[in-house]
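A structural walkthrough
Each chain, written out:
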Amino acid sequence: MTEMDFFEAVKDRRRIRRYTKEKVSDDFIVKILEAGRWAPSADNSQPWNFIVLRDKEVRERVAEATTWGEFLADAPIGVAVVVDPRSSTHSVEDGAAATENMLLAAHALGLGACWIGSYNSFYEEAVKDILAIPKDKRLLSIISIGYPDEYPKKDRKELREITFTDRYGRK
Ligand SMILES: Cc1cc2nc3c(=O)[nH]c(=O)nc-3n(C[C@H](O)[C@H](O)[C@H](O)COP(=O)(O)O)c2cc1C
């Protein structure tokens, strides 16, 4: 790997909600989308579409519709991950895998990103309307992307707290 060590990328990625004004190049946007495209999916169904949110007014309208996604309005770019539940037995997991791949790709490129949860949210339909997403598709997530203007810290539960051997509960 050249851009960043894999484990470093996984561990150091943080949700970034504040961005500088710097534009994200088309080259980087394509790299991020490529990372989404290469995510695994059930039976390789690839039930996704990615909508690049380039227009600030569109991002503002989407941001306003969400509960915890107001920062999308000030992000230089966004990506909405749409899935087709009829194309895959596991469209939610497929879309989540694509979303995570894109978060990691953004981080590996020196960008910051935040997953804005949309699936089953009360605003999913409102955002679908704004983005003209067909009724039979689902909005899995929205990702805000830009150059980081904050460096939040997070920790995680210890491995020993969350790991069992051979059956649930056995340490
Ligand atoms: C399914 C999902 C939905 C999320 N929705 C939101 C959201 O609506 N707004 C937000 O600011 N962060 C959202 N996040 C980001 C999480 O709050 C964040 O990943 C978590 O606090 C861990 O922090 P870290 O990503 O910096 O490690 C979401 C994350 C996931 C996985």
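Calculation notes
Residues numbered from 1 in each chain as written. Predicted model: local features only at pLDDT ≥ 70, side-chain atom pairs only at ≥ 80, totals over all residues. Heavy atoms only, no water. Phe/Tyr/Trp six-rings, centres within 6.5 Å; stacked < 30°, edge-to-face > 60°. Buried < 20%, exposed > 50% of the residue type's maximum accessible area, 1.4 Å probe, protein only. Near = heavy atom within 4 Å. Polar contact = N/O pair within 3.5 Å; in protein donor to acceptor, adjacent residues only side chain to side chain. Areas by Shrake-Rupley, 256 points an atom, 1.4 Å probe, with all protein chains shown as cover. Nonpolar A, V, L, I, M, F, W, Y, C, P; charged D, E, K, R; others polar. Helix = DSSP H or I, 4+ residues; strand = E, 2+ residues; numbered from the N terminus. Contact = heavy atoms within 4.5 Å.

With that settled, the discussion passes to the packing of aromatic side chains. Summed over all chains, the structure comprises 4 aromatic pairs. Residues Phe6 and Phe7 carry aromatic rings whose centres are separated by 5.1 Å and whose planes lie at 80° to one another, so their mutual orientation is edge-to-face. What makes Phe7 exposed here is its relative accessible area of 62%. Summarising the aromatic geometry, the rings of Phe164 and Tyr168 are spaced 4.6 Å apart at their centres and angled 70° between planes, so their arrangement reads as edge-to-face. When its relative accessible area of 74% is taken as the criterion, Tyr168 is described as exposed.

The ligand sits among Arg13, Arg14, Arg15, Arg17, Trp68, Phe71, Cys114, Trp115, Ile116, Gly117, Lys154 and Arg156. Between Arg13 and the ligand, the recorded distance is 2.9 Å, taken from a side-chain N or O atom to an oxygen atom. Expressed as a share of its isolated accessible area of 620 Å², the protein-covered part of the ligand is 68%. Of the residues in the shell around the ligand, the class split is 5 nonpolar, 1 polar and 6 charged.

With the exception of glycine, most residues fall at negative phi, and the peptide bonds are largely trans. At Gln46, a residue that is not glycine, the phi angle is positive and equals roughly 45°. Along the chain, the position of Gln46 falls in the loop between α2 (26-37) and β1 (48-53). Among the residues examined, Gln46 registers a relative accessible area of 37% and is labelled partly exposed. Phi angles above zero are rare outside glycine, and Asn120 is one such case at about 65°. Residue placement: Asn120 occurs in the loop between β3 (112-117) and α5 (124-130).

With that out of the way, let us pick up the side chain of Ser91. Its place among the elements puts Ser91 in helix α4 (residues 91-108). The exposure class of Ser91 is buried, given its relative accessible area of 8%. Setting aside anything within four residues of it in sequence, one finds Ser91 in contact with Pro47, Val83, Asp84 and Pro85.

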